[in-house]
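Descriptive structure summary
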Amino acid sequence: MLKIHKLTFNPFSENTYVVTDETKNCAIIDPGCCNDKERNELLGTIEAYGLKPVLLLNTHCHIDHIPGNKFIYEKYGLLPEIHPNELEILRLAPQYGKFFGFDCPVSPEPHKFLNEGDEVTVGNTVFKVLFTPGHSPGSISFYSAADKVVISGDVLFYRSVGRFDLPESNGKDLYHSLVNVMMKLPDDVKVYSGHGPETSIGFERYNNPFIQDEGSFG
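Calculation rules
- Residues numbered from 1 in each chain as written.
- Predicted model: local features only at pLDDT ≥ 70, side-chain atom pairs only at ≥ 80, totals over all residues.
- Heavy atoms only, no water.
- Helix = DSSP H or I, 4+ residues; strand = E, 2+ residues; numbered from the N terminus.
- Expected span 1.5 Å × (residues − 1).
- Buried < 20%, exposed > 50% of the residue type's maximum accessible area, 1.4 Å probe, protein only.
- Arc of directions from axis to C-beta.
- Contact = heavy atoms within 4.5 Å.
- Polar contact = N/O pair within 3.5 Å; in protein donor to acceptor, adjacent residues only side chain to side chain.
- Phe/Tyr/Trp six-rings, centres within 6.5 Å; stacked < 30°, edge-to-face > 60°.

Turning our eyes to something else, we now look at helix H1 (residues 36-48). Between the first and last C-alpha of H1 there are 18 Å, a value that for 13 residues agrees with the 18 Å anticipated at 1.5 Å per step. Burial in H1 covers these residues: Glu38, Arg39, Leu42, Leu43, Thr45 and Ile46. Along the axis of H1, the buried positions cluster into a sector of 155 degrees, meaning they face one direction only. Residues of H1 that are exposed and angled more than 90 degrees away from the buried face: Asp36, Lys37, Asn40, Glu47 and Ala48. Lining the buried residues of H1 we find strand E1 (3-9), strand E2 (14-20), strand E3 (25-29), strand E4 (52-57) and helix H2 (69-76). The opening residue of H1, the one whose side-chain oxygen lies 3.2 Å from the backbone nitrogen of Lys37, is Asn35.

Take a look at the structure:
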């Protein structure tokens, strides 16, 4: 049975997820831990539940979602898996961080690129990779149909969406990802977002003002 542990890290209040099942193997998704206290909190969660990290996944590579990549690599020997369109953003993250006064360590290079339709296996749990660009050019989401869960990164939030005013963002692409990818999922799918509380596809379908108004995206 799928179990998702959420930890909220760094000044951007980013949600890091540790995803596991009955096998105790786990994936660490978007490690936002940026100081010793947060790194210890992540380790404490993994150790408290007796988990074995086997995958490091990034939904996208903005500075708040990857500061823990280096730490995870040094601790567990795991290299990130990302969409190929995120590689430049991953490499430039430390420079972007300086603009915000935020220390984003240099991430190790990816072990593997993930594309639309690929499958990621964590123990007995299978996630399908959904290509959901817009907030970032290579944003991906991880969807388990069996568990009715999608980990959406910064594509979809509770009654909101990810920013699309960043240099590498595209509002039209984001709207397409929301309407033609996320809203094609069943209403009872639970959404674990990169920021804020959990929500559901059904709730957002009828209550998210951005989904109701394409003009919001420029």
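Taken as a whole and assessed by the stated rule, the structure comprises 7 aromatic pairs. An angle of 75 degrees between the planes, with centres 5.9 Å apart, marks the rings of Phe12 and Phe100 as edge-to-face. With Phe12 in the loop between E1 and E2 and Phe100 in the loop between helix H3 (87-99) and strand E6 (112-113), the pair connects residues that are 88 residues apart, well separated along the chain. For Phe12, a relative accessible area of 30% translates into the label partly exposed. Under the relative-accessibility criterion, Phe100 is labelled exposed at 55%. Ring plane angle 55 degrees and centroid distance 5.3 Å describe the contact between Tyr175 and Phe217, whose orientation is recorded as tilted. One end of the pair, Tyr175, is in helix H4 (residues 171-180); the other, Phe217, is in the segment after helix H6 (209-212), with 42 residues separating them in the sequence. The same class applies to Tyr175 as to Phe217, namely buried.

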